Amino acid sequence: MENSHKRSIWVQVGGAVVMLLLATEVVLLTIQNRELKKALSGTTSMAQVEPLKHGDRVEPIRIQTLDGSSTELQYNDPTKRYLLFVLSTTCPHCEKTLPVWQSFSHNKSDNCIVLGLCIHSLDETRRFLAAKNVGFYTASVEQDTSFGRKYKIAGVPETILINGNGTVEKSWIGELSPGQTNEISTLIADTKPSLN
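Since the model is a prediction, treat every value here as computed from it, not as a measurement.

A few words on unusual backbone geometry. Across the junction of Val156 and Pro157, the peptide omega takes the value 0 degrees, indicating a cis bond. One can find Pro157 in the loop between α4 (147-150) and β6 (158-163). One non-glycine residue, Lys152, lies in the positive phi region at around 50 degrees. Among the structural elements, Lys152 can be located in the loop between α4 and β6.

Spelled out as structure tokens, the structure:
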């Protein structure tokens, strides 16, 4: 009986120690979680990118065309507009946006140049284009390491309308809503680009 009583006490003491260790672990994890959230919120606010807005000027960028050559996309014809689709080969939202982008490509005015800009390598871009019915010319911008900074890219998909002087008319981030789709359709059907 005494042996059984001692065993019972040891089981209770052992259980209490385990409970104390688990409670201590919960407290430590809670403190660590709070510190991580604080650190993350500090870095996230600093890392957020304000998207391009009406009137911003963009610089030329280096693109790699499908034949492997490298060229600079410049905005030096005031009679033209550029509708840019910034995409990723692995982005499901980009894939969902493809049909809308395709319709823009088919229904644009003659003075509007439509171009897809893939953030991945040329080989990945080619594979993506071969697997999907993209319907508009796409180049890789991976070699221009300043592209994301110059064009304030925070994520994909992004649709950007730029006039021939390199001034942003408007940009849309994410999958396009029906209202945004109508707005873009109206803007690219207009034969006169906004010059401001």
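Turning to the confidence of the model for the chain, a few remarks are in order. Of the residues in the chain, 92% have a pLDDT of 70 or more, and the chain-wide mean is 89. Mean pLDDT in the chain bottoms out at helix α1 (residues 2-47), which sits at 77, and peaks at strand β5 (residues 138-140), which reaches 98.

Take the state of the cysteines next. Here is the idea: a disulfide is a covalent bond, and it sits between the sulfur atoms of two cysteines. According to the stated counting rule, one finds 0 disulfides in the structure shown. Its sulfur unpaired, Cys112 is 19 Å from the next cysteine sulfur, which belongs to Cys94. Here Cys118 stays free of any disulfide, with the sulfur of Cys94 as its closest cysteine sulfur at 8.3 Å.

Counting residues in hydrophobic clusters, the biggest one holds 20 residues, and the most contacted among them are Leu83, Trp101, Phe104 and Phe136. Of all the secondary structure elements, the ones that give two or more residues to this core are β3 (81-87), α2 (92-106), β4 (112-118), α3 (122-131) and α5 (178-189). Excluding residues within four positions of it along the chain, Phe136 makes contact with Phe85, Leu87, Leu98, Trp101, Gln102, Ser105, Val114 and Gly116.

Under the definition given, this model contains 6 aromatic pairs. Measuring from ring centre to ring centre gives 6.1 Å for Trp101 and Phe136, while their planes differ by 80 degrees; the resulting arrangement is edge-to-face. Of this pair, Trp101 sits in helix α2 while Phe136 sits in the loop between α3 and β5, and the two are 35 residues apart along the sequence. When its relative accessible area of 8% is taken as the criterion, Phe136 is described as buried.

Taken as a whole and assessed by the stated rule, the structure comprises 8 salt bridges. When salt bridges with common partners are traced through the structure, they connect Glu50, Lys53, Asp56 and Lys152 into a single cluster.

This part is about the pairing of strand β2 (residues 70-73). Each regular strand shows side chains that alternate between the opposite faces of the sheet. With 4 bridges joining them, strand β1 (residues 61-64) and β2 adopt antiparallel strand pairing. Residue pairing in the sheet places Arg62 in a bridge with Glu72 of β2.

For α3, the complete set of buried residues consists of Leu122, Thr125, Phe128 and Leu129. On an axial view of α3, the arc spanned by its buried residues comes to 120 degrees, and they lie on one face. Residues of α3 that are exposed and point more than 90 degrees away from the buried face comprise Arg127, Ala130 and Ala131. Buried positions along α3 lie against β1, β3, α2, β4 and β5.

With respect to the secondary-structure elements, Glu50 resides in the loop between α1 and β1. On a C-alpha basis, the gap between Glu50 and Glu72 in space is 24 Å, while along the polypeptide they are 22 residues apart. Polar side-chain contacts of Glu50 include one of 3.0 Å to the side chain of Lys53.

Conventions used here
Residues numbered from 1 in each chain as written. Predicted model: local features only at pLDDT ≥ 70, side-chain atom pairs only at ≥ 80, totals over all residues. Heavy atoms only, no water. Helix = DSSP H or I, 4+ residues; strand = E, 2+ residues; numbered from the N terminus. pLDDT = per-residue confidence, 0-100. Disulfide = S-S within 2.5 Å. Core = buried A, V, L, I, M, F, W, Y, C linked by side-chain atoms within 4.5 Å. Buried < 20%, exposed > 50% of the residue type's maximum accessible area, 1.4 Å probe, protein only. Contact = heavy atoms within 4.5 Å. Phe/Tyr/Trp six-rings, centres within 6.5 Å; stacked < 30°, edge-to-face > 60°. Salt bridge = Lys/Arg side-chain N within 4 Å of Asp/Glu carboxyl O. Pairing = 2+ DSSP bridges. Arc of directions from axis to C-beta. Polar contact = N/O pair within 3.5 Å; in protein donor to acceptor, adjacent residues only side chain to side chain.

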